[in-house]
Amino acid sequence: MYLLLRLVMFRLDAERAHHLTLKVASLMLRIPGMAWLWACLWPTVRDPWDGLGLHWPNRVGLAAGFDKDARYLTVWKAMGFGSVEVGTLTPRPQPGNLQPRLFRLVKDKALINRLGFNNGGVVAAASRLKQRPSGLVVGANIGKNKDTPNEEALWDYLVAFEQLHPWVDYFTINLSSPNTPDLRELQEAKFIDSLLQHIHDLPCQQALARPVCIKLAPDMEPKQWQALWPVLSKHRISGLVLTNTTVDRAGLRTSTEELERLGNGGLSGAPLMDKSLAMLEAMRHYGHAQGFLPELVSVGGIMNGKDAARRMQGGASWVQVYTGLVYRGPILVSEVATAIRAGYCSKA
Ligand SMILES: Cc1cc2nc3c(=O)[nH]c(=O)nc-3n(C[C@H](O)[C@H](O)[C@H](O)COP(=O)(O)O)c2cc1C
């Protein structure tokens, strides 16, 4: 069924198709009996996990960027996701980059996007999150506004954190989008140290400590991320989300001319698989050796259940999907959750 829908949707501009599909899905769910039908088609796989002080229905999450403004939480729950990371949300609303800014690389089962944190801001998202459904872990992925210079970025993260703190279960600090100029420069120890200290000192965080994760780029050199470890360990960071999209274009089937025509942006999907897995495994080994290992969240190129099971063997606590959902449809969620659960059963 999804293949048919995909045939139609892939004829439309990718960003238009994205919004249209989500709107239709959310309208469908309002039809009496539809939630029941979805539950039959895509049954929620129960594989409960207690981690970060939270109860997770299963270990499959929707990656950041799919539902930036927290508009479709009931859809994700009905599809069987155990968690959703909304955002990236910035303090003030912003339109993002000029369109077109999202492209499919069908031959590579990949996407290129340069959306640039288009979102309605934290206040609007908070008002929606107040009415979030139960039984779904919801994280907020936060970023800085495009027109905020890096020297003032810290305050953007703090504003976003405070505004969303009452309404979400965990936070992910996004320092790794390639589509906000110079954002990746903030992936350095001094900035992260200062940011984590300020977050720790916030009255809301003192009253109720929310887990804090950091999302990193797959394009970092080992030296770069190893330099972060003393700071991550000092602040007992809850998790690392590995990884964001890549700016690397090596090994793609799509022609160089076509890639040049599409222009800049972050590449996601199947071509990211090896990089994302390599970073997960390298960080697990390094963390063990250093005596501090946060939860590792694996995202990047998970296109089927086998890919996901491999990430769990590589040390992931949970996985997230984005591009795989575009290419495979909702069936991917139960397939991934089932593979993860089976992996655990066979290990036991
Ligand atoms: C269209 C699009 C928009 C995205 N927006 C965000 C975002 O706002 N914040 C973020 O942290 N990651 C964002 N991402 C990155 C994804 O969360 C994920 O890390 C990346 O796509 C790799 O996973 P995948 O290969 O399963 O797509 C976006 C990805 C895509 C394709």
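Everything here concerns the structure above.
Note that the coordinates shown come from a computational prediction; the quantities given were computed from them, not determined experimentally. (Residues numbered from 1 in each chain as written. Predicted model: local features only at pLDDT ≥ 70, side-chain atom pairs only at ≥ 80, totals over all residues.)

K.L.:
Give me the sheet that holds strand E13 (residues 318-321): which residues, what numbers.
P.N.:
Taken together, the 8 strands give a closed barrel; going around it, the order is E3-E4-E7-E8-E9-E10-E12-E13, and neighbouring strands pair in parallel fashion. Across the sheet, the mean angle separating the axes of adjacent strands is 25 degrees when strand polarity is ignored. Both strand E3 (residues 60-62) and strand E4 (residues 83-89) contribute to a ladder of 2 bridges, which runs parallel. Each residue of the ladder has a partner; that of Gly61, found in E4, is Ser83. In the packing of helix H6 (residues 153-164) onto the sheet, the strands contacted are E4, strand E7 (137-142) and strand E8 (170-174), and the crossing angle to E7 comes to about 160 degrees. Seen against the sheet, helix H12 (residues 273-290) touches strand E10 (239-242) and strand E12 (295-299) and runs at an angle of roughly 170 degrees to E12. (Pairing = 2+ DSSP bridges. Helix = DSSP H or I, 4+ residues; strand = E, 2+ residues; numbered from the N terminus. Axes fitted to C-alpha atoms, helices over the stretch in contact; angles between N-to-C directions. Contact = placed C-beta atoms within 7 Å.)

K.L.:
Describe the nonpolar core, listing the residues and the values that go with them.
P.N.:
If you look at the biggest cluster of nonpolar residues, it comprises 86 residues, and the most contacted ones within it are Leu242 and Val336. Among all residues touching Leu242, those that are not within four sequence positions of it are Leu216, Ser276, Met279, Leu280, Met283, Leu296, Val297, Ser298 and Val299. (Core = buried A, V, L, I, M, F, W, Y, C linked by C-beta atoms within 7 Å. Buried ≥ 20, exposed ≤ 12 C-beta atoms within 10 Å, placed from the backbone.)

K.L.:
Explain the packing of helix H5 (residues 122-129) against H6 to me, using residue names and the numbers behind them.
P.N.:
Running from N to C, H5 and H6 cross one another at 20 degrees; their axes reach a closest spacing of 9 Å. On the basis of the axis angle, H5 is roughly parallel to H6. Seen from above, H5 lies across H6 with right-handed handedness. Packed against H5, whose contacting residues are Val122, Val123, Ala125 and Ala126, the element H6 presents Ala160, Gln163 and Leu164 at the interface. (Parallel < 35°, antiparallel > 145°, perpendicular 65-115°, else oblique. Left-handed = near helix turned anticlockwise from the far one by under 90°.)

K.L.:
Before we move on, can you summarise the environment of Tyr170 with the specific residues and values?
P.N.:
Mapping Tyr170 onto the fold places it in strand E8. What makes Tyr170 buried here is the crowd of 22 C-beta atoms within 10 Å.

K.L.:
Hey, could you go over the sheet that holds strand E6 (residues 110-113) for me, with residue numbers and the actual values?
P.N.:
Strand order in the open sheet formed by 3 strands is E5-E6-E11, and the pairing between neighbours is antiparallel. The open sheet has two edge strands with one neighbour each: strand E5 (102-105) and strand E11 (266-269). Direction aside, neighbouring strands of the sheet carry axes that sit 25 degrees apart on average. Both E6 and E11 contribute to a ladder of 4 bridges, which runs antiparallel. Among the inter-strand pairings, Asn113 is bridged to a residue of E11, identified as Gly266.

Read these as layout, nothing more, since geometry by itself doesn't imply function.
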